[in-house]
Amino acid sequence: MHPSQLPGPAVPGVPAYVADYLLDTTRAVVNLVRHRVLTRHPGLRVILAHGGGFLPYASHRVAHAPNVWGDRTLDQVLAELRRFHFDTALSSSPAGLPSLLAFADPMNIHYGSDWPFATDDIDYFLAGLESHPLDDTTRAAIDRTNSARLFAGAAFLESGRSE
């Protein structure tokens, strides 16, 4: 799931990708969980672009929201939020990646670059991912194995090509 057109105008002088897209993703996730979409469709898998927007950082605040979740407990809401998959596009910063890794199951994190939209930023965030201390299994999972598992049978993954 990737944000696109916003429902309203961006802040003048601030490109939408700076904050609005991150909020748009977080709002979409809250709406999906509020309406129990993943519970009603247990086979549905959703990859959230850009590390899930603000979700990893704000997950406990979101889950503590009064009068939003009905009869679900904090732990139940957090478990639903953690069912999403996350890509690392523009999210492997010194603050962003630790937050994502603290929240998400590492087996639900996938390499992402945001190419061709973020060509000038890819090297910075790739360096952040490559320099982060990860064990070999987690690194391989994020780089390829998680996506191969999620998209089992996809011809481009079976061939070993990375595009």
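A brief look at the structure comes next. (Residues numbered from 1 in each chain as written. Predicted model: local features only at pLDDT ≥ 70, side-chain atom pairs only at ≥ 80, totals over all residues. Heavy atoms only, no water.)

## A short note on the side chain of H85
Here's step 1: Residue position: H85 is located in strand β2 (residues 85-87).
Here's step 2: Looking at H85, the relative accessible area reads 3%, which means it is buried.
Here's step 3: Within the local environment of H85, its side chain forms a polar contact with the side chain of H110, the two groups lying 2.9 Å apart.
Here's step 4: Once residues within four sequence positions are removed from consideration, H85 is found in contact with R45, V46, I47, L48, M107, N108, H110 and L150. (Helix = DSSP H or I, 4+ residues; strand = E, 2+ residues; numbered from the N terminus. Buried < 20%, exposed > 50% of the residue type's maximum accessible area, 1.4 Å probe, protein only. Polar contact = N/O pair within 3.5 Å; in protein donor to acceptor, adjacent residues only side chain to side chain. Contact = heavy atoms within 4.5 Å.)

## Focus on the packing of helix α3 (residues 55-63) against helix α5 (residues 96-103)
Here's step 1: In the contact formed by α3 and α5, the axes pass within 8 Å of each other and the chain directions differ by 50°. By the angle class used here, α3 and α5 are oblique. Note on element contacts: α5 touches α3 through S99, L100 and F103, opposite L55, P56, Y57 and S59. (Axes fitted to C-alpha atoms, helices over the stretch in contact; angles between N-to-C directions. Parallel < 35°, antiparallel > 145°, perpendicular 65-115°, else oblique.)

Structural measurements only, silent on function.
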